[in-house]
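Spelled out, the chains give:
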There are 2 protein chains.
Amino acid sequence: MSTIINRRDLDFLMYETLGLDSILATERYQDYDREAIAAILDLAQSVAEEQFQPFAGHLDENEPKYVDGKVEIIPEVKQALAAYRDAGLFLTGYDQDLGGMQLPWVVHQALNGMFVTANTGVSSYAFLTQGVANMLHACGSEPLKAKYLPKLVEGEWFGTMCLSEPQAGSSLADIRTKAEKQPDGSYRITGTKMWISGGDHEMTDNIIHMVLAKVPGGPAGVKGISLFLVPKHRVNDDGTIGDNNNIALAGLNHKMGHRGTTNCLLNFGESGDTIGYLVGEENQGLANMFHMMNEARIGVGAAATVIGLGGYLYSLDYARNRPQGRHLTNKDPNTPMVMISEHADVKRMLLTQKAYVEGAQALILYSAKLLDEQKLATTDAERTRAALLLDLLTPICKSWPSEFCLEANKLAIQILGGYGYTREYPVERYYRDNRLNHIHEGTHAIHGLDILGRKVRMHDGAALKALAEEIQQSLTAAQSHPELGDYCQQLAAALSKVEATLGAIGKAPDMTLALANATAFLDAMGHVVIAWMWLKQAQAALDGLAKSGAHDQPFYHGKLAACKFFFKYELPTAIAKFDLVAELDDTFVQMADTQFIGS
Amino acid sequence: MSTIINRRDLDFLMYETLGLDSILATERYQDYDREAIAAILDLAQSVAEEQFQPFAGHLDENEPKYVDGKVEIIPEVKQALAAYRDAGLFLTGYDQDLGGMQLPWVVHQALNGMFVTANTGVSSYAFLTQGVANMLHACGSEPLKAKYLPKLVEGEWFGTMCLSEPQAGSSLADIRTKAEKQPDGSYRITGTKMWISGGDHEMTDNIIHMVLAKVPGGPAGVKGISLFLVPKHRVNDDGTIGDNNNIALAGLNHKMGHRGTTNCLLNFGESGDTIGYLVGEENQGLANMFHMMNEARIGVGAAATVIGLGGYLYSLDYARNRPQGRHLTNKDPNTPMVMISEHADVKRMLLTQKAYVEGAQALILYSAKLLDEQKLATTDAERTRAALLLDLLTPICKSWPSEFCLEANKLAIQILGGYGYTREYPVERYYRDNRLNHIHEGTHAIHGLDILGRKVRMHDGAALKALAEEIQQSLTAAQSHPELGDYCQQLAAALSKVEATLGAIGKAPDMTLALANATAFLDAMGHVVIAWMWLKQAQAALDGLAKSGAHDQPFYHGKLAACKFFFKYELPTAIAKFDLVAELDDTFVQMADTQFIGS
């Protein structure tokens, strides 16, 4: 079996659960039908399994090194990225006007996932580059695009995003990097950027940094942030590589996981002029960066999901082949041992992983479909609705998989026992890799504040209203299956609980108390949304059962079991969290610094 | 501040919560009073902070290597263990008749903890050796003890426990290592042992392995397991080192964490005779090994706890000194940033860590005190009662901290953000180290089966009855503080829930269903016991508040806040789990292998 993708499940999610056929029937995607998409996925899977997966462990053990001011990376990384480029895979997410394949984003997202599972460290270079290209396409001036975009789209140059600084991570308001306008309209960039993935290496002729900086004299805080394109090497007007742009590699960060992607501390303008070019307008930098950030945030959740998937598939395969112990009712040590997949607690750990991972996967693909719907919308109202839903779901897409697919990885290790704890098996690497996802592109807490402090209230609660309507549609549709009645009731009650919670929050005497449990709200909202995804899957499974032969029955029964698990074991924990949020509990905010350990 | 121990809290737990004074007042411990114990803890803390802690990260990055059939370990490890030995610290846990310091076990346990926090990898060598010595003392013949025990007690030779084999981890019934009796009464040992911590190195003149093996012709399964002392080098009658005993190092395991302790695959009797000596009787090996295993299991929980503590203290110190962002109500970016310890979500993560870590620490020290009480008991009834309680609590001591102090470490990383995810800071190492503790000395699932399938029922439920009585005593005592009334009610209700759950389990149609949710029962029982520990601490805090001056007030208020958090946010999750266990939910056991991903 493949340990990076379950294609049967992917088809189930795309076609049976999310109705991708209706997307494929549109003019925009007329080049694609199920067969064409299967062929592209086949190609991607073979590149991922043959060119990415084999050296993922080796890369983890041989992280990029700082040697004489340069980054040394094992040669397999460049080779894998060349294979990815040669197969045309850099182009899956772009529209045809950019020379791209114009695949539905759902398919592009699913396809990307295989590379993350196969080799997280390598895949980051490609996805960062795609994010930079999309942002430049959306916000850049025509001359800037003409000069830089084709090379990024083709994957000849790679891209990065440079937001954080050593003293400013979550608090972007406090960045200090300066951009001083020059007579020729370019800017001189000075400052230090931290945590820059792909920030320096020798694998491409150039690296295009998207840098947040402040133009002196502008407003304080986030309102004074501008966005600049800053190349590692300057580019001549004829497109050839020019002078070095004086971005000094000050050091590499050595992480617990994600070791395959070089992660850098960069000094701009320290040893000579570093020239940058404004992207969009001055002081609009944060909004422009969010073109990339929102994509990156869903990308983080997508990565967390498929790293969870990797652990699930690997531990399932292991459990089916590792004999250990006997059934509890068999006390005869002379009988053969059974495979551990027969033990109840191993089944628990597998089903829990399945419910988390496939639930998260459904959400990620649903969100990708919203992007497709934005593009396909024929009215402003449709477009706005899809955008609102996506805005509301983004913090959940980013955070829920980070939390629960990490938990899945923890269980994958447990299934392998002592073996799972060694670096001979990939599951501990998944666990280390996945721990990053709570942190980057906005911490868990930041997304809690985002959803509870902003997203659920924006435009008079329009996004939440749209989400509630979508869920209500699923509830109505599920009425055709009486077996789903209890789940529908539970989900409807959870939705009421969300509204009641927000009502209580609205009456909070101050913002600090209202948002004191924002993280719990975020997690709980995630559970509601994932429960909804499981209801959709259960309905699709029942539909499938009615139509399918014996061969497909176990697959559909597995879906129903995972849905049952999620509603029985997981959703109630969300209800308890909403109650805590709603009562404006002040246990945390009341805690004084001196109370933690005394003095 | 120290980042390995909070001495104020340790004193609070030992004296104010657990009443160590009554132990110190006994004849057995008459050499010790509070001052003497503080002096010993001071000594241990300085050795741990000066000799162990400084190179913990360096050791993690430079794990033992296999070179020409031998293990190479960085020299700091041997030096640290020499400093530990020179300070007399190998002797803290032994009675005076063995040349030990005869410290109360509570103090010994607390003292050991500092070394685990400071440098887990190094501490293991010492604690394994102490465990082997205690087992040999309890089960070995006089000649065997005369020959081996003094060297182990003094820490001149180190010890190991050899249970697992590549094909037999959890399923000890299936070990294959053979022990064939020789005419001189010794045994020839052949077989392969896996996951042997400290299994080979050059730091001591000898290594004493305690090996489980089967004598041919004995009963099948665990009833045919015997225990052998097997030295790396044979020992002449005059105590000098003799011939090599032919234990071949077949390889090292490379783990995610715990990298400082060499972990080996050992072949016995492959290249020549390996001689072993029976410890105890033939076929009584498992029971004898459990002298060490139970100590080791509590040791695992104790280690998980103090690794959690290390993350808590480090992240607290960081949070107090890292400026980032502003209060939510302050939108002026020109004002200075505040320390992150002022943000509600950081407080949440600190308080959660505190509640987990200090709750677990209370349980570990309570259990250590039960060991002291066993030794101090003047009647069989007292002795039996302490032993029963300890038996019941052992799976909880092992498992609960493994689960929840790992969760604490996850939060410590989150507080440090991107920095926490790098190897420049210790918190990611704690997280990696702590992930082992669910696995070794019996997996989480094994302990679930142990407590629900055996411990709660043994001797007609006598252990659980004793635990219920102890909790009831605390409830009665807490009546003097009306502030604790709600907690008392909640805890009493949880206890009833335990009994109701066991009643429902008793009616299960078969064992498979009865034990299907044993792991959930284990976790939930852990929450009940930790809630009890928090009630005890809250009572002690209220007593302390009444007596103390302004300086100590924040410490006690912090204890009350952690207790509030645990009863409000945590204990209800246990109630939900008991309900699932009680209804004999079959979601997991019904899951067929083919249903996970289809085919």
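Rules and cut-offs
Residues numbered from 1 in each chain as written. Chains lettered and ligands numbered in written order. Predicted model: local features only at pLDDT ≥ 70, side-chain atom pairs only at ≥ 80, totals over all residues. Heavy atoms only, no water. Helix = DSSP H or I, 4+ residues; strand = E, 2+ residues; numbered from the N terminus. Rg over C-alpha atoms; globule rule 2.2 N^0.38 Å. Buried < 20%, exposed > 50% of the residue type's maximum accessible area, 1.4 Å probe, protein only. Contact = heavy atoms within 4.5 Å. Areas by Shrake-Rupley, 256 points an atom, 1.4 Å probe, with all protein chains shown as cover. Lys, Arg positive; Asp, Glu negative; His and termini not counted. Charge placed at Lys NZ, Arg CZ, Asp CG, Glu CD. Expected span 1.5 Å × (residues − 1). Least-squares fit on C-alpha atoms with pLDDT ≥ 70 in both. Pairing = 2+ DSSP bridges. Buried area = accessible area lost by both parts, 1.4 Å probe. Salt bridge = Lys/Arg side-chain N within 4 Å of Asp/Glu carboxyl O. Polar contact = N/O pair within 3.5 Å; in protein donor to acceptor, adjacent residues only side chain to side chain. Nonpolar A, V, L, I, M, F, W, Y, C, P; charged D, E, K, R; others polar. Axes fitted to C-alpha atoms, helices over the stretch in contact; angles between N-to-C directions. Parallel < 35°, antiparallel > 145°, perpendicular 65-115°, else oblique. Left-handed = near helix turned anticlockwise from the far one by under 90°. Phe/Tyr/Trp six-rings, centres within 6.5 Å; stacked < 30°, edge-to-face > 60°. Lys NZ or Arg CZ within 6 Å of the ring centre and 35° of its normal. UniProt positions renumbered as here; feature names shortened; annotations may be inferred. pLDDT = per-residue confidence, 0-100.

> Summarise the overall build of chain A; cite the residues concerned and give the values.
Counting its regular elements, chain A contains 17 helices and twelve strands. Its C-alpha atoms give chain A a radius of gyration of 24 Å, within 12% of the compact-globule value 25 Å for 599 residues. Seen along its three principal axes, the alpha-carbon backbone of chain A occupies a region of about 80 × 65 × 60 Å. For chain A, the proportion of its 599 residues judged to be buried stands at 64%. Counting only contacts in chain A whose residues sit at least 6 apart along the sequence, the fraction spanning at least 24 positions is 74%. As presented, chain A carries roughly 20,500 Å² of accessible surface, and 50% of it is formed by carbon and sulfur atoms. Averaging the positions of the 52 positive and the 71 negative side-chain charges in chain A gives two centres separated by 3 Å.

> With reference to specific residues and values, describe helix α9 (residues 344–376) of chain B.
Taking 1.5 Å as the rise per residue, α9(B) with 33 residues should run 48 Å; its terminal C-alpha atoms sit 47 Å apart, in good agreement. With 28 of 33 residues buried, α9(B) lies mostly within the body of the structure.

> Lay out the relation of the copies chain B and chain A with the relevant residues and their values.
Each copy of the chain is related to the other by a rotation around an axis and a translation along that axis. Expressed as a screw transformation, the operator carrying chain B onto chain A has a rotation angle of 180° and an axial translation of 0.0 Å, and the superposed copies differ by an RMSD of 0.0 Å. What the rotation and shift describe, once combined, is the action of a two-fold rotation axis. Distance from the rotation axis, computed per C-alpha, reaches its smallest value in chain B at B:Thr573: 3.7 Å. Interface residue correspondence from chain B to chain A reaches 100%, placing this contact among same-surface, isologous pairings.

> Which residues make up the pairing of strand β9 (residues 241–244) of chain A, and what values go with them?
All names here are of chain A. Relative to β9, strand β8 (residues 233–235) runs antiparallel, the two sharing two bridges. Considered in β9, the bridge of Val235 is made with Ile241. What sits between β8 and β9 in their antiparallel hairpin is a turn of five residues, with Gly239 showing a positive phi close to 90°.

> Describe the interface of chain B and chain A, and please don't skip the residues or the numbers.
The interface of chain B with chain A comprises 102 residues on the first partner and 103 residues on the second. Taken together, both faces of the contact between chain B and chain A bury some 9,000 Å²; the carbon and sulfur share is 59%. When the buried surface of chain B facing chain A is broken down by residue, B:Tyr421, B:Phe596 and B:Ile597 rank first, second and third, together holding 10% of it. For the pair chain B and chain A, the interface holds 15 salt bridges. A salt bridge links B:Lys564 to A:Asp586, with the shortest nitrogen-to-oxygen separation between them at 3.4 Å. If you look at where chain B meets chain A, you find 63 residue pairs in polar contact (both at pLDDT 80 or more). When residues in the side of chain B that touches chain A are grouped by element, the largest group, ten residues, is from helix α17 (residues 553–582) of chain B. Its residues assigned to classes, the side of chain B that touches chain A shows 40 nonpolar, 34 polar and 28 charged.

> Report on the pairing of strand β3 (residues 158–162) of chain B, specifying residues and quantitative values.
All names here are of chain B. Burial analysis of β3 places five of its five residues in the buried class, which makes it a mostly covered element. Of the two faces of β3, the one carrying Phe158, Thr160 and Cys162 and the one carrying Gly159 and Met161 are both buried. Where β3 lies against strand β6 (residues 207–214), five bridges are found, and the strand directions are parallel. If you follow Met161 over to β6, its bridge partner there is Met210.

> Report on the packing of helix α13 (residues 458–478) of chain A against helix α14 (residues 485–506) of chain A, specifying residues and quantitative values.
Residue and element names in this part refer to chain A. Put simply, α13 and α14 touch, their axes get as near as 10 Å, and they point 165° apart. By the angle class used here, α13 and α14 are roughly antiparallel. For the pair α13 and α14, the crossing hand works out as left-handed. Note on element contacts: α14 touches α13 through Cys488, Leu491, Ala492, Leu495, Val498, Glu499 and Leu502, opposite Leu464, Ala468, Ile471, Leu475 and Ala478. Residue composition of the contact of α13 with α14, by class: eleven nonpolar, no polar and one charged.

> Account for the packing of aromatic side chains, with residues named and values stated.
Residues and elements named next belong to chain A. By the definition in use, this model includes 53 aromatic pairs over all chains. Seen in terms of ring centroids, Phe555 and Tyr556 are 5.6 Å apart; in terms of plane orientation they differ by 70°. Their pairing is edge-to-face. By relative accessible area, which is 0% here, Phe555 ends up buried. Members of the aromatic cluster, joined through ring pairs, are Phe52, Tyr84, Phe90, Phe115, Tyr125 and Phe158. Across the ring face of Tyr430, the terminal group of Arg429 is positioned such that the distance to the ring centre comes to 5.5 Å.

> Outline the environment of A:Ser341, listing residues and values.
Mapped onto the elements of the fold, A:Ser341 is located in the loop between α8 (285–319) and α9 (344–376). Taking the relative accessible area as the measure of exposure, A:Ser341 reaches 8% and is therefore buried. The spatial distance from the C-alpha of A:Ser341 to the C-alpha of A:Lys559 is 18 Å, given a sequence separation of 218 residues. Setting aside chain neighbours within four positions, we find A:Ser341 in contact with A:Ala319, A:Arg320, A:Val346, A:Lys347 and B:Asp593. A polar contact of 3.4 Å, which involves the side chain of A:Ser341, links it to the side chain of B:Asp593.

> Please set out the UniProt feature "domain: Acyl-CoA dehydrogenase/oxidase N-terminal" (unreviewed entry) in chain A residue by residue, giving values where relevant.
Look at the UniProt record and you will see "domain: Acyl-CoA dehydrogenase/oxidase N-terminal" (unreviewed entry) annotated at residues 38–156 of chain A. The distance separating the terminal C-alpha atoms of residues 38–156 of chain A is 27 Å; by composition the span is 67% helix and 5% strand.

> Before we move on, can you summarise the environment of B:Ala541 with the specific residues and values?
Residue and element names in this part refer to chain B. Checked against the element boundaries, Ala541 lands in helix α16 (residues 518–547). Exposure remark for Ala541: the relative accessible area of 0% places this residue in the buried category. Each C-alpha atom of the pair Ala541 and Phe12 lies 8.6 Å from the other, and the pair is 529 residues apart in sequence. Setting aside chain neighbours within four positions, we find Ala541 in contact with Phe12, Tyr556, Lys559 and Leu560.

> Go over the UniProt feature "domain: Acyl-CoA dehydrogenase/oxidase C-terminal" (unreviewed entry) in chain A with me, naming the residues and quoting the values.
Per the UniProt record, "domain: Acyl-CoA dehydrogenase/oxidase C-terminal" (unreviewed entry) is annotated on residues 283–451 of chain A. The distance separating the terminal C-alpha atoms of residues 283–451 of chain A is 24 Å; by composition the span is 72% helix and 0% strand.

> If you had to explain the pattern of salt bridges to someone new, which residues and values would you point to?
Applying the stated criterion across every chain, the model contains 73 salt bridges over all chains. The shortest N-O distance in the salt bridge between A:Lys232 and A:Glu202 comes to 3.6 Å. Residue A:Lys232 is located in the loop between β7 (225–231) and β8, and its partner A:Glu202 is located in the loop between β5 (187–197) and β6 (207–214); the two are separated by 30 residues in the primary sequence. Here B:Lys145 ties to B:Glu142 by a salt bridge, and the two come within 3.4 Å at their closest N and O atoms.

> Please provide a residue-by-residue account of the side chain of A:Glu470, values included.
Residues and elements named next belong to chain A. Along the chain, the position of Glu470 falls in helix α13. Glu470 gets classed as buried once you look at its relative accessible area, which sits at 16%. Of note is the side chain of Glu470, whose polar atom sits 3.5 Å from the side chain of Tyr366. Each residue touching Glu470, except ones within four places of it in the same chain, is listed here: Tyr366, Arg385, Leu389 and Trp532.

> Would you mind going over the packing of helix α3 (residues 34–52) of chain B against helix α6 (residues 105–139) of chain B in detail, with residue names and values included?
Residue and element names in this part refer to chain B. Running from N to C, α3 and α6 point in directions that differ by 0°, and their axes come no closer than 10 Å. As far as their axial angle goes, α6 and α3 are roughly parallel. Side by side, α3 and α6 meet where Ile37, Ile40, Leu41, Ala44, Gln45, Val47, Ala48 and Phe52 of the first sit next to Val107, Leu111, Met114, Phe115, Ala118, Asn119, Val122 and Ser123 of the second. Among the residues forming the contact of α3 with α6, the class breakdown is 13 nonpolar, three polar and no charged.

> Summarise the confidence of the model for chain A; cite the residues concerned and give the values.
In the predicted model, chain A carries a mean pLDDT of 96, and 100% of its residues have values of at least 70. Predicted as a complex, the structure gets a pTM of 0.98 and an ipTM equal to 0.97.

> With reference to specific residues and values, describe unusual backbone geometry.
We note that A:His459 has phi near 45°; this positive angle belongs to a residue other than glycine. One can find A:His459 in helix α13. Positive phi values are uncommon outside glycine, yet B:Gln102 reaches one of about 50°. By secondary structure assignment, the location of B:Gln102 is in the loop between α5 (75–86) and α6.

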